[in-house]
Amino acid sequence: MYSLNNVSLNINEGQIFGLLGPNGAGKTTLISMLCGLVKPTSGHFTIDGLDYQHHSSKIKKIIGVVPQEYALYPTLTARENLLYFGSMYGLKGSDLKEKVIEALDLLGLLKFADKQVQTFSGGMKRRVNLIAGILHKPKVLFLDEPTVGVDVHSKTAIIDYLKALNQDGTTIIYTSHHLAEAEDFCTQIAILDQGQIYAQDTPSALIEATKEARNLEDVFISLTGKALRDGL
Amino acid sequence: MVYKIWMSVVKEFLLLKRDLGGLIILFVMPLVLVIAVTLIQDSTFKAVTDSKIQILLVDKDKGSVSKTVFENLEKSKYFTVVTQIDNKPITEEIAKENVYKGKFQLAIVIPENLSSDLQAKVEQNVEKIVINLGLTDSTATAEPQRVIKEKEVKLYFDPAVQMSFKNAVMSSIDKMISQIETKSIYATFQKQLGEETIDFEQKNFITFKEIIPRINNKEVRPNSVQHNVPAWTLFAIFFIVIPLSINIVKEKSQGTFVRLRTNPVSNLIVIIGKTITYSIICMIQFYMMVAVAVFLFPSIGLPSLNIEGHFFLTSVVALFSGFAAIGFGILLGTVASTQEQSAPFGATSVIILAAIGGVWVPVFAMPTIMQYIAKSSPMNWGLEAFYDVLLRNVSFLEIIPRITLLFLFFIITTSIALFYDKKKRAV
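Residues numbered from 1 in each chain as written. Chains lettered and ligands numbered in written order. Predicted model: local features only at pLDDT ≥ 70, side-chain atom pairs only at ≥ 80, totals over all residues.

A. Structural context of the overall build of chain B. In terms of regular secondary structure, chain B is built from 15 helices and eight strands. Here chain B, with 427 residues, has 33% of them falling under the buried criterion. Contacts spanning at least 24 positions in sequence make up 80% of the contacts within chain B whose residues lie at least 6 apart. (Helix = DSSP H or I, 4+ residues; strand = E, 2+ residues; numbered from the N terminus. Buried ≥ 20, exposed ≤ 12 C-beta atoms within 10 Å, placed from the backbone. Contact = placed C-beta atoms within 7 Å.)

B. Focus on the overall build of chain A. The secondary structure content of chain A amounts to nine helices and six strands. Based on the C-alpha atoms only, the size of chain A along its principal axes is roughly 55 × 40 × 35 Å. Expressed as a percentage of the 232 residues in chain A, the buried residues total 44%. Pairs at least 24 apart in sequence give 71% of the contacts found in chain A among residues at least 6 apart.

C. Focus on the packing of helix α8 (residues 241-254) of chain B against helix α11 (residues 311-335) of chain B. All names here are of chain B. It is the contact of α8 with α11, at a shortest axis distance of 8 Å, that shows an interaxial angle of 35 degrees. Helix-helix and strand crossings are classified by hand; for α8 and α11 the assignment is right-handed. Contacts from Val241, Leu244, Ser245, Asn247, Ile248 and Val249 in α8 reach Ala325, Ile326, Phe328, Gly329, Ile330, Leu332, Gly333 and Thr334 in α11. Its residues placed into classes, the contact of α8 with α11 shows nine nonpolar, five polar and no charged. (Axes fitted to C-alpha atoms, helices over the stretch in contact; angles between N-to-C directions. Left-handed = near helix turned anticlockwise from the far one by under 90°. Nonpolar A, V, L, I, M, F, W, Y, C, P; charged D, E, K, R; others polar.)

D. Structural detail: the interface of chain B and chain A. Taken together, the 21 residues of chain B in the interface contact 28 residues of chain A. Among the elements of the structure, α1 (2-17) and α9 (256-262) of chain B are those that each provide at least two residues to the side of chain B that touches chain A.

E. Geometry of the environment of Gln119(B). As for its placement among the helices and strands, Gln119(B) is situated in helix α5 (residues 114-132). Considering only alpha carbons, one finds Gln119(B) and Ile185(B), 66 residues apart in sequence, at a separation of 8.3 Å.

F. View of the confidence of the model for chain B. In the predicted model, chain B carries a mean pLDDT of 82, and 88% of its residues have values of at least 70. With a pTM of 0.75, the predicted complex shows an ipTM of 0.80. (pLDDT = per-residue confidence, 0-100.)

G. Region of interest: helix α6 (residues 163-192) of chain B. Relative to the 44 Å expected for 30 residues at 1.5 Å per residue, α6(B) spans 43 Å between its end C-alpha atoms, a close match to the ideal helical length. Of the surrounding secondary structure, the elements contacted by the buried residues of α6(B) are β5 (106-110) and α5 of chain B. (Expected span 1.5 Å × (residues − 1).)

Shown next, in the form of structure tokens:
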């Protein structure tokens, strides 16, 4: 049994591409493959015309990854975390320091820059987690549930920031359970279930194409059913 | 690349700086360990000890032999003789009970008539020799000789005392009794020959002297500090395995490891960053231990560590020992999935490596099979390299084989960790 089966996607430059699906649908597996964390048993994909087999380090320079968990050092301050992860992308010196300050400021965290991350609320950690993946202005940004477990204010700040980033040319590929957020945020959506893509289009086209659907949630239920998806 | 390594080192130091428990394990515990162990073991190395062991003496003989035993024991640097408990003379039963309960470590019971029977036995033997040599009046009728039973000096040891202590005590009592017998034989000969005015030379003809190695024309006498500081410094250096492996496991569980895998940075750079950081920590540990052994030890009654002329070479040994420990820590942290796996395994394996490496029991005192195993322990290579430098005064060239082994151990363990990680990495 495979987590993903016969998945075919074409994500254009400049899109905000949403991967939606119930628990266990294969969203995280797909995004992990695209980030180079999981090796596909078969198949092939390229990012900006490059494949991992031959151009792993080139791809890693142009992508940014924001994992679902807070991938930060809790005892380091927000600034220290960001300086470290920024340097791993090849940023250095005053350029790195300025980028860290700018991003912290934009996401309302500048006054907490020198506080240890372990003292932050969930929303603040999410924002630092996001900054750590975008400091180097990636061409393609992968986000796995970037707004899970955060309050409305943090969620708004994150979405607004991502929209601005997209305006600057970053292609965003994102997974979420928040269908209303995805409907508003994404330019293209794929609905994934049981490792397969059930539908792929713009949010409005998906709603139009589904009988009696008023929003993306109706489309989602129509395609994936109402059964609970708990499983091990 | 250099900047990435530098930032990795900075990050590791910041993480350590904010980990109080880790700092205590790395810097305070080794100091406590080396001071405590050296203080405890000092007496076994000291030529003169301040604390004498009390031994019970049950004198059933009341003769010259028991008197000599008492005097020799009293003169000894190691023992104080106790002949009464609560102002009452000690019987064999009381002595036995006190020793078996651990109140005293040793009781000596001198049997009844030991002096008179020894004298009689010696006289019988000497008389036989004198008759055989025809030195007596041949017409005199020989009286039938009385049968004298062999005598037994009983020793009772506290069951908790170590075999080495028992052996040392038994050996010195055996020597003491032999000397008494010899003196007795000489005296009897003199008497039998009627030459009581002749003064036999009763001093030992054969003596022994330990020749101490000399470095820069100064005797380098091994003491507890010269033995313990390298051994326990090495033990502390290897304990770096625990915080280092936990550090790697934490990176995996916190998700930072996943983030790093998506960054354009190889695992080798991450490992180099950790290796540099923990090597610096090993050296700080080493210099702290040396500073304590040189400056603090004399003020608490211990000999000072003699590191004069050895500072560079011991630093080299400490650094390479640190590499070996770091390699082991990286491998353990890479393979372990949880802190519950890495911490106990790390601690136990370091203790095992120390035990088989000769930190507690010298390798030469181990069974043959264990001696071969000991020689495959990196802690043994490090320990022998330290002893080579501090006690055997060897040159840099002579420690190269041992430090090469330590470095190879680092390369092999790190390579296995990198290979294991690469196999687990997806793309």
